[in-house]
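Each chain, letter by letter, is given below.
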Amino acid sequence: MYIHPFKPIIFKDSRVLILGSFPSIKSFENSFYYSHPKNQFWKILSVISGYPINNRDQKIWLIKELKFALWDIVKSCNRENSSDTNLKDIVPNDIKALLKEYPNIEKIAFTSKLAEKIFKKEFKDLDIATIYLPSPSPAYAAMSFEQKCKIYKELLSEYL
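Caption draft 1: Structural detail: the side chain of S135. By the secondary structure assignment, S135 is in the loop between β7 (129-132) and α6 (145-156). The buried category is assigned to S135, whose relative accessible area is 12%. Side-chain polar atoms of S135 contact the backbone nitrogen of S137, separated by 3.1 Å. Among residues more than four places away in sequence, those in contact with S135 are T111, Y140 and K148.

What follows is the structure in structure tokens.
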């Protein structure tokens, strides 16, 4: 059983909770969100915001500056690799408690179809706006980096 290794990156004034599924094996190794070198998440945020993301401190600063928050929907699971399709015996994080603790969160943005599916199943009673952002994973190659940037910018424009 794998347990989610790090806390959410969240601030009292965060307005958008970006929810992924579960950290990749590379993210476990680096103890940070979206740490696979080919994952495009940080590069997308840098492009759409105009801010650099050269190190962990700049990434955390960027999340705070944009009034975003980061977490994953899965608290624990079994798996053999980093693919979402491989996650088994999933236990979700307590999203309801997080939203109660951080009432300024007004929207949830999913970066994985699995995260969206689990949320809609486990937290269907929560009254909060949701959007789907294309997966920044290197495994999702159906859309170009430029297309992903365009969609992220469109969907998150009111926060940039």
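Now that the structure has been shown, we can carry on.
Caption draft 2: Here's a closer look at the sheet that holds strand β2 (residues 16-20). What the 4 strands build is an open sheet, ordered β3-β2-β6-β7; its pairing is parallel. Either end of the sheet is taken by a strand with one partner, and the two such strands are β3 (68-72) and β7. Geometrically, the sheet is characterised by an average inter-axis angle of 25 degrees between neighbouring strands, direction not taken into account. Taken together, the 4 bridges between strand β6 (residues 107-110) and β7 define a ladder with parallel strand orientation. Pairing of F110 across the sheet is with Y132, part of β7. Across the sheet, helix α5 (residues 113-122) lies against β2, β6 and β7, angled at about 135 degrees from β6, the strand it touches most.

Caption draft 3: A look at the pattern of salt bridges. Applying the stated criterion to the full structure yields 9 salt bridges. For the salt bridge of E158 with K107, the shortest nitrogen-to-oxygen distance reads 3.4 Å. Placement of E158 in the segment after α6 and of K107 in strand β6 is noted, with a sequence separation of 51 residues between them. Notably, a salt bridge pairs K121 with E122, separated by 3.8 Å at the nearest N-O pair.

Caption draft 4: Spatial organisation of the sheet that holds strand β5 (residues 88-92). Taken in spatial order, the 3 strands make up an open sheet running β1-β4-β5, and their pairing is antiparallel. Of all strands in the sheet, those with a lone pairing partner are β1 (2-3) and β5, marking the two edges.

Definitions and limits used
- Residues numbered from 1 in each chain as written.
- Predicted model: local features only at pLDDT ≥ 70, side-chain atom pairs only at ≥ 80, totals over all residues.
- Heavy atoms only, no water.
- Helix = DSSP H or I, 4+ residues; strand = E, 2+ residues; numbered from the N terminus.
- Buried < 20%, exposed > 50% of the residue type's maximum accessible area, 1.4 Å probe, protein only.
- Polar contact = N/O pair within 3.5 Å; in protein donor to acceptor, adjacent residues only side chain to side chain.
- Contact = heavy atoms within 4.5 Å.
- Pairing = 2+ DSSP bridges.
- Axes fitted to C-alpha atoms, helices over the stretch in contact; angles between N-to-C directions.
- Salt bridge = Lys/Arg side-chain N within 4 Å of Asp/Glu carboxyl O.

Without other data, these values stay purely geometric and don't point to any function.
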